[in-house]
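Architecture and fold: a report
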Amino acid sequence: MKLVAKLWIGIFILALLAPLGLIIPELFKAGSAWGEWGREDLIKMVGYFPRGMQRIAEIWKAPLPDYAFRGSENKGLQSLSLGYIVSGLIGILAVALAIYLLAKFLTKHVPKTDNKKESSRDPEITLKRRSGRNKFVEYSLIRTLEFFRNEIFAESFSSANGLMQKIQPRIKLIGLILILIIVSLLKDIRLIFALYILSIALAYLSRISVLYFLKRTWIFIPLFSLFIAVPALFNIFSPGEVIFFGITKQGLSSASLFILRVLTSVSFSVLIVLTTTHTRLLKAMRSLGVPQVFVMTFMMCYRYIFIFIKIAQEMYFAIKSRLIGSVKNRKAHHVVAWHIGVLWEKSRLMSEEVYMAMISRGYSGEPKTINGKDI
Amino acid sequence: MHIPDGYLSPQTAGIFYLVMAPIWLVASKIVKKTLQVRQVPYLAIGAAFTFVIMMFNIPIPGGSTGHAVGGVLVAILLGPAQAVIAITVSLVIQALLFGDGGITAIGANCFNMAFVLPFVGFYTYKLIAFRAAQRSRRRIIAAGIAGYVGLNLAALCAGIEFGLQPIFHHTSSGQALYCPYGLNVTVPAMMLEHLLIFGWIEAIVTALVFAYIQRQEGEFLGRI
């Protein structure tokens, strides 16, 4: 066993033994430490409670006063001991977390020594590691590269032979909309949680790596929701019964309901997206009565996104390969604007070419498609 | 500004679908009239263009970067009705294929970003540009202001949509069912970041790209 693990076990055993510190003084009828008297001790000793002391003492109400749960002060040694242990564990966790965060924060800027070795392998990492003056070029390149990587990754799931992949896209789409409506109507947190577990189970049965699924569903939207839901916990925003540090029961329940609802909705949407190829999804939309013009526009748009992102990426590579010095903010804005302008010009020209290509192949305003197997 | 699923109540989301239905209908009628048979590639490419604009990072002071939405730019270049369709398609693709923005919230997102943003932007541009010459500086400034105003009004709409949730939907003990903040929080939160940062990015991009296109292909702008 590693030394660190042994030390952790030692700390937890100490926390379990902590009530001894409560029981032994009790056996000898010992009072509080000198200078740490509580209100009752002082009244006993001097006959009254100094008013100034009272005012200051009331500024901060500890969540676990005297390492005990609120209201359990007079419930005897057993309950007090339990409070002691729980307080100890909470304290250990809080201290460990604080130090971990502090360490992470402080060591963030230390450069890695094996930088060179890694960067020669993957161009993306080189882009990320090199800090600098022309970040906007690099960020844009990273974003476009990530887009392609994510898409290719997602395609590999939709062609896997899992449970959800076998279901008709039309049924999946209707089901998704129904589930989203149900999730937004449910008010019982346990039912929403059950649906969330169901989404993970379905992902597992569809041969999506659960870790990837959790990553994909948690990052950004639910995490962002969690972030913005934190202030809602406190009595400033949600008045009501205070349980802990100004966190109210109402705040806690509405924040958790909110996050769980967002998380469940996102999970189901991602599940459908991951298990259905886009062409089948769009065909499903068509068979559900979405107008042909819209579906056709979607399909073409989806194709063009890839072409345009490729063009954008090439333009950025072109700049990157010609840049030696730095680009100042003002100039950088112009560079981005030229890019968008050029992209616009290219799209306009392409639209005319595509139109002519369609006409030459017999397009007359009413598209005809070769039907797939399941439509 | 992409509202995810679960932030809005189904009632609110439903209302926005109902509000958007006639807008989509009228917009596609206008587009059909003006574009005839070449509409499909034209719209598809306009939509793909709005999608890709979001991948262009713009440096902002302090070494960070942000990106523009480009909705007002599309409205100025293609016309507001065309922008409604192009941005809607772009938003639906984002929601359906990339999970950006909720599926139940498509109506609300389209109202903010595909209706309020291009229309407000387009008419602000028209109002300021008035009868200035096609290649005048005034039009560039008008485009910039339109970008700023359009984006901020869209953000205000999103803020109000969030803020109305706890007022209409809560349990008897006052627990919010959807977005937990009222108008007094959501509107300042949305407006602060858009007035100070994102609005400026949108304004700079709109004005500079407009200036570029004005210089390179001024005759195209005259057509709209």
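For the structure itself, consult the block above.
Everything numeric in this text was worked out from a predicted model, so none of it was measured.

Re the overall build of chain B
Across its full length, chain B carries eight helices and two strands. A burial count over chain B gives 62% of its 224 residues as buried. Sequence separation of 24 or more characterises 73% of the internal contacts of chain B that already satisfy a separation of 6 or more.

A word on the packing of helix H3 (residues 71-78) of chain B against helix H4 (residues 80-98) of chain B
Residues and elements named next belong to chain B. For the pair H3 and H4, interaxial distance at closest approach is 7 Å and the crossing angle is 135°. With respect to H4, the element H3 is oriented oblique. The element H3 and its partner H4 pack so that their crossing is right-handed. Residue-level contacts link Gly-71, Val-74, Ala-75 and Leu-78 of H3 to Pro-80, Gln-82, Ala-83, Ala-86 and Ile-87 of H4.

A short note on the interface of chain B and chain A
Contacts between chain B and chain A engage 56 residues on the former and 64 residues on the latter. Elements with a contribution of two residues or more to the side of chain B that touches chain A: helix H2 (39-53), strand E1 (57-60), H4 and helix H7 (183-216) of chain B. Broken down by element, the side of chain B that touches chain A gets its largest block of residues, twelve residues, from H2 of chain B. Taken together, the residues of the side of chain B that touches chain A break down into 40 nonpolar, 13 polar and three charged.

Quick notes on the nonpolar core
Counting 142 residues, the largest nonpolar core has Cys-301 of chain A together with Ala-48, Val-52 and Ile-76 of chain B as its most contacted members. The biggest single contributor to this core is H7 of chain B, with 15 residues. Two domains each donate at least three residues to this core, and these are domain 2 (126-159 + 289-364) and domain 3 (160-276) of chain A. Here Cys-301 of chain A is in contact with Ala-44, Ala-47, Ala-48, Val-89 and Ile-93 of chain B, once residues within four sequence places are set aside.

The rules behind these values
Residues numbered from 1 in each chain as written. Chains lettered and ligands numbered in written order. Predicted model: local features only at pLDDT ≥ 70, side-chain atom pairs only at ≥ 80, totals over all residues. Helix = DSSP H or I, 4+ residues; strand = E, 2+ residues; numbered from the N terminus. Buried ≥ 20, exposed ≤ 12 C-beta atoms within 10 Å, placed from the backbone. Contact = placed C-beta atoms within 7 Å. Axes fitted to C-alpha atoms, helices over the stretch in contact; angles between N-to-C directions. Parallel < 35°, antiparallel > 145°, perpendicular 65-115°, else oblique. Left-handed = near helix turned anticlockwise from the far one by under 90°. Nonpolar A, V, L, I, M, F, W, Y, C, P; charged D, E, K, R; others polar. Core = buried A, V, L, I, M, F, W, Y, C linked by C-beta atoms within 7 Å. Domains from an automatic or database assignment.

Shape descriptors only; they carry no functional weight alone.
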